[in-house]
Amino acid sequence: MTHANMSMTNHSNGSTVDREAVIVATDVEKWYDNGFNVLKGVSLNVYKGEVVVVMGPSGSGKSTFIRTFNALEPYQKGSIVIDDIEISYDLKNIEEIRREVGMVFQQFNLFPHLTVLQNVTLAPIWVRKQKKREAEATAMQLLERVGIAEQADKFPGQLSGGQQQRVAIARSLAMQPKIMLFDEPTSALDPEMVREVLDVMRGLADSGMTMVCVTHEVGFAREVADRVVLMDGGVLVEENTPDEFFNNPKEERSQKFLSQIL
Amino acid sequence: MTTTSPNSPLVTPEESRPPLDQPGPGTWLRKHLFNTWYNALLTIILVSIMLLAVWGIFNWIFRIAEWAVVPNNLALFMSGLYPSELYSRIWVMLGINVAMAGITWGLLVRNQGKLLGRNVLIGVAAICAGFIILPLTRPVALTLIGLVVLTLVCAWVGKTLGQRKLSLSQFLAAGWFLVYSISLLVLAGGDIRNSLIYLVAAVAISIWLTSTLLRLLANASVLDAISGNTAGIWVMRVLWFAGSLVLFLPVYGFLNIPLPLKIITLITYIAFVSLLVPILAERKTLTTFVVTASIFGLSCLALTAIPNAISGFFGLEPIGTNNWGGLTLTLFLAITGIALCFPIGVIMALGRRSKLPIIKGLSIAYIELIRGVPLISILFMGQVMIPLFLPEGVRPDNIVRAIVGLTLFSSAYLAENVRAGLQAIPRGQSEAAASLGLNNPLTLSLIVLPQALKIAIPAIVGQFISLFQDTTLLGIVGLVELLGISNSILANPKYLGDYAEVYLFIAVLYWFFCYAMSLGSRRIERALNTER
């Protein structure tokens, strides 16, 4: 975007014209192989440094939608532009996109045959071609940041769920992405471990990372999000500030959804 | 407490231990064997049957059996019709392999305490005592004990070197390949230019020289720049190919194989090298590769030069494969078959899961075709039909045809075992790898295959064991491997009727190697377990 950095606008005042959009999704449509239309023309802009929380009932297409942002899910119509690069599914392009976008999964998906340190250094060494020693130094800093440096030589199977998810966050950060996607990062955790993961995410948001999170954590959304988006049945129902969304939702569908989760 | 192990480092407080349930032998017997009158009756009957059987077995082993057939024909069992004046070559081969085994052992346990633990010492003592007690001739027994000592010395060397130089264990596979090639050379003798190691040396040296030249010509930043785009990669491909061809041809020209085979290997080489170039062009990979290839190439060069120079002194007389036999041949067939069928099996398993319809179809066709045919018919086909497909004058050796048959057969089964392992890896693993920017080949080789193969270890080793036992079928197509030579010995009127003794002896031999394999697989599994 050429008009980037023209003015420093406050996140919460809603003026979006002169801020730099790092994700521009326009009318994204997707069908599964069995013909099910999971995304029915979804548009969303995410601006630099912004935290967007995507909510919605299960099956609403919210996970599928954010997975299109790093080309894990192909889509059939519309366009997605990540930091001025349009997703086009040739190999070179996918590589570029995935350099920009990190992702954290619901099931952690750590590599069980590698130690925590190896999990974090694998991609920097093999994809970014860093020297092993440099990669390990960066990895230890990141593990320090998520608070589990002392577990670096353990295997993922020996850690608790919350610790595993924090390793997964460190692993994504090691590739120095500009955008982080979180696909229900706390849904597979025991209740007492949710907090430690949300704390790490809060710290990340405070450091200015652009984040898109699919989550059901209302507290996190209220406190950290710049915008809340509700999806249902493959369409984007409402896009609002967290205050407005939780206290005074515009749409009837949003009211119904909130009445069920609050 | 006397019941817990005195070595246990964890001394738990009294109250947190599990309740003790270790009554004396009397209570145990009463509780488990004599708790009701019919159980007591059953116990008495079964114990007497067992005692009778044990007594019968001992009586046969020590009083009835005529064991003379085994020591009298020991050389035949071990090496078949190999000329007896050249037995020293078999000993040399055994020595090289045992030394490498020792080094491997030392390298693998380099991070664990003492090399000679209590169990190892007991094992070594038992083996040495066995060599002395068994009716072996004095020189043979002494040589065998010498080999045990050699193993221990090499283990110590391997451990010491391994602790100093951590990267040494990466070269184990190359080391074993070298040992295998030298063993083959020692066993077969003859012209060095016939040997596998000569071909490998030629390839390795030419790749090494080309990559070094390429690196000298282009500095790192240039390499980075041209490997970044398609045209650059093609320029490198052409450069690399032309260079290695020029360097390869003179060495290759000396190779003593028929022309059609030369052309086939050359085409394979072209394809291989051109595919490899983009990977090799990356600086990191290139450095690793150049180091490995140069060490390997130089050692191959030395090894090709040395036997050539000394063959005038020792006269490594060629021994045709029709003189190979016994346990030596069995092991040769099994090891070669295992080494060849593993990569083919992995490739077929990956092919079967490929999204490309032709590759997938061909893999399925191969696997299902081979699995639908009994091994014996594949072996007969190898003997009768392979010569029909090949040009006049090219008639692969009997043993080569047997190995091809065994390999084709086992690789189809192995492919299914590996596929089961691949299927067990959750999709999230490759998604996570993809989201980190790893491309498909990297995801496969760093994430999916290591986990899949680990899961498939028991099944894979099972397949190796059955391949080892399937070598017995080769007796039918005219090879005198361990079972074949046993049948020839039994045909000797002097040993008429000694079936039980001979078959029991070779059964023990087969059991020993199969059990060693399954023991090895269990140790590997334990070493790779990351859920402790």
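Residues numbered from 1 in each chain as written. Chains lettered and ligands numbered in written order. Predicted model: local features only at pLDDT ≥ 70, side-chain atom pairs only at ≥ 80, totals over all residues. Heavy atoms only, no water.

Honestly, the overall build of chain A in this entry has me stumped. Any pointers?
What chain A contains, in helices and strands, is nine helices and 10 strands. Radius of gyration (C-alpha) of chain A: 18 Å, near the 18 Å computed for a compact globule of 262 residues. For chain A, the spread of C-alpha atoms along the three principal axes comes to 50 × 45 × 40 Å. Counting only residues that meet the buried cut, chain A has 56% of its 262 residues in that class. Excluding contacts between residues fewer than 6 apart, the proportion of contacts in chain A whose partners are at least 24 apart in sequence is 64%. Summing over all exposed atoms, chain A offers an accessible surface of approximately 11600 Å²; the carbon and sulfur share of this is 47%. Side-chain charges of chain A comprise 27 positive and 36 negative groups, with the mean position of each set lying 5 Å from the other. (Helix = DSSP H or I, 4+ residues; strand = E, 2+ residues; numbered from the N terminus. Rg over C-alpha atoms; globule rule 2.2 N^0.38 Å. Buried < 20%, exposed > 50% of the residue type's maximum accessible area, 1.4 Å probe, protein only. Contact = heavy atoms within 4.5 Å. Areas by Shrake-Rupley, 256 points an atom, 1.4 Å probe, with all protein chains shown as cover. Lys, Arg positive; Asp, Glu negative; His and termini not counted. Charge placed at Lys NZ, Arg CZ, Asp CG, Glu CD.)

What is the right way to read the pattern of salt bridges from this model?
Side chains that carry opposite charge are capable of pairing whenever their charged atoms lie near each other. For the structure on display, the rule yields 20 salt bridges over all chains. With a shortest N-O distance of 2.8 Å, A:R227 and A:E50 are connected by a salt bridge. In this pair, A:R227 is assigned in strand 9 (residues 227-232) and A:E50 in the loop between strand 2 (37-47) and strand 3 (51-55), connecting sequence segments 177 residues apart. Both residues of the pair, A:R227 and A:E50, count as buried. Among the ionic pairs, A:E196 bridges to A:R166, the shortest N-O distance being 3.0 Å. Note that A:E196 is positioned in helix 6 (residues 191-206) and A:R166 in helix 5 (residues 161-173), a separation of 30 residues in sequence. In this structure A:R166 comes out as buried when scored by relative accessible area, which is 11%. Taken together, the shared-partner salt bridges in this structure form one network comprising A:K30, A:R67, A:E73, B:R427 and B:E431. (Salt bridge = Lys/Arg side-chain N within 4 Å of Asp/Glu carboxyl O.)

Can you help me understand the packing of aromatic side chains in this one?
To describe a pair of aromatic rings, one takes the distance between the centres and the angle between the planes. Within this structure, the stated rule accounts for 16 aromatic pairs over all chains. Between the aromatic rings of A:F245 and A:F246, the centroid separation amounts to 5.2 Å while the plane-to-plane angle is 85°, which identifies the pairing as edge-to-face. The same class applies to A:F245 as to A:F246, namely buried. Their ring planes at 50° and their centres at 5.0 Å tell us that B:F409 and B:Y413 sit as a pair that is tilted. You can see B:F409 and its partner B:Y413 sitting in helix 18 (residues 398-423), four residues apart, about one turn around the helix. Sitting above the plane of the A:F111 ring, A:R171 keeps its charged end 4.5 Å from the centroid. (Phe/Tyr/Trp six-rings, centres within 6.5 Å; stacked < 30°, edge-to-face > 60°. Lys NZ or Arg CZ within 6 Å of the ring centre and 35° of its normal.)

Explain the sheet that holds strand 4 (residues 77-82) of chain A to me, please; I cannot follow it from the model alone.
Consider a sheet: its strands pair through backbone hydrogen bonds, and that pairing is either parallel or antiparallel. Residue and element names in this part refer to chain A. With antiparallel pairing, the four strands of this open sheet are ordered in space as 2-1-4-5. With partners counted over all chains shown, the strands left at the sheet margins are strand 2 and strand 5 (85-86), one partner each. As judged from the eight bridges shared by strand 1 (residues 21-31) and strand 2, these two strands associate in the antiparallel manner. Counted as the bridge partner of A25 is L44 from strand 2. (Pairing = 2+ DSSP bridges.)

Help me understand the interface of chain A and chain B in this model?
A common measure of how large an interface is: the accessible area buried when the components associate. Taken together, the 25 residues of chain A in the interface contact 22 residues of chain B. On the chain A side of the contact with chain B, A:F111, A:H113 and A:W126 bury the most area, a combined 23% of that side's loss. Put simply, A:R67 and B:E431 hold a salt bridge, and the shortest N to O gap is 2.7 Å. Remark: the boundary between chain A and chain B carries five residue pairs in polar contact (both at pLDDT 80 or more). (Buried area = accessible area lost by both parts, 1.4 Å probe. Polar contact = N/O pair within 3.5 Å; in protein donor to acceptor, adjacent residues only side chain to side chain.)

Would you mind going over the pairing of strand 7 (residues 179-183) of chain A with me for this structure?
Taken residue by residue, a regular strand's side chains alternate between the two faces of the sheet. Residue and element names in this part refer to chain A. Burial analysis of strand 7 places five of its five residues in the buried class, which makes it a mostly covered element. Burial along strand 7 is two-sided: the face carrying I179, L181 and D183 and the face carrying M180 and F182 are both buried. Pairing of strand 6 (residues 101-104) with strand 7 involves four bridges; the strand directions are parallel. Pairing of G102 across the sheet is with M180, part of strand 7. With helix 6 bridging strand 7 and the parallel strand 8 (residues 210-214), this β-α-β connection has right-handed handedness. (Right-handed = clockwise from strand over helix to strand, strands pointing away.)

Help me understand unusual backbone geometry, please; the structure alone is not making it clear to me.
Excluding glycine, residues mostly have negative phi values, and the peptide bonds linking residues are mostly trans. Residues and elements named next belong to chain A. Backbone geometry at D27 places phi at a positive 50°, although glycine is not the residue there. Inspection of the secondary structure puts D27 in strand 1. Positive phi outside glycine occurs at D84, with the angle close to 70°. Assessed through its relative accessible area of 49%, D84 is described here as partly exposed.

Would you mind going over helix 19 (residues 427-435) of chain B with me for this structure?
Residues three or four positions apart in an α-helix share a direction because the helix packs 3.6 residues into each turn. In terms of burial, helix 19 of chain B is a largely internal element, seven of the nine residues being buried. Within helix 19 of chain B the residues assigned to the buried category are B:G428, B:Q429, B:E431, B:A432, B:A433, B:A434 and B:S435. Each element contacted by the buried residues of helix 19 of chain B is listed here: helix 1 (62-67), helix 2 (91-100), strand 6 and helix 5 of chain A together with helix 20 (440-470) of chain B. Among the residues trailing helix 19 of chain B, B:G437 stands out with phi positive, at a value near 95°.

Looking at this structure, how should I read the side chain of A:R171?
Topologically, A:R171 is positioned in helix 5. An unpaired buried charge is present at A:R171: no salt bridge exists, and B:E431, the closest side chain of opposite charge, is 9.8 Å distant. One polar contact links the side chain of A:R171 to the main-chain carbonyl oxygen of A:N109, over a distance of 3.0 Å. If near-sequence neighbours (up to four positions away) are discounted, A:R171 is found in contact with A:F108, A:N109, A:L110, A:F111, A:N119, A:V120, B:A432 and B:L436.

Honestly, the sheet that holds strand 8 of chain A in this entry has me stumped. Any pointers?
Residues and elements named next belong to chain A. Here we have six strands laid out as an open sheet, ordered 6-7-8-3-9-10, and mixed in their pairing. For this open sheet the edge positions go to strand 6 and strand 10 (235-240), each flanked by a neighbour on one side alone. The average undirected angle you get between the axes of adjacent strands in this sheet is 20°. Of the strand pairs in this sheet, strand 3 and strand 9 are connected by four bridges, and their pairing is parallel. Within strand 9, the position partnered with V52 by the bridge is R227. Sheet strands touched by helix 9 (residues 252-261): strand 3, strand 9 and strand 10. Its angle to strand 9, the strand with the most contacts, is close to 100°. (Axes fitted to C-alpha atoms, helices over the stretch in contact; angles between N-to-C directions.)

Teacher, can you tell me more about the confidence of the model for chain A here?
The predicted coordinates should not be examined in detail at positions where pLDDT is low. Counting all residues, the mean pLDDT for chain A is 88, and 93% of those residues have values of 70 or more. Long-range and interchain partners of residues 1-17 of chain A, a stretch whose pLDDT sits below 50, account for 17 contacts in this model, where long-range means more than four residues apart. (pLDDT = per-residue confidence, 0-100.)

How do you make sense of the state of the cysteines when you look at a structure like this?
One covalent bond between the sulfur atoms of two cysteine residues makes up a disulfide. Scanning all chains against the criterion turns up zero disulfides over all chains. No disulfide involves B:C128; its nearest neighbouring cysteine sulfur is the one of B:C154, lying 15 Å away. (Disulfide = S-S within 2.5 Å.)

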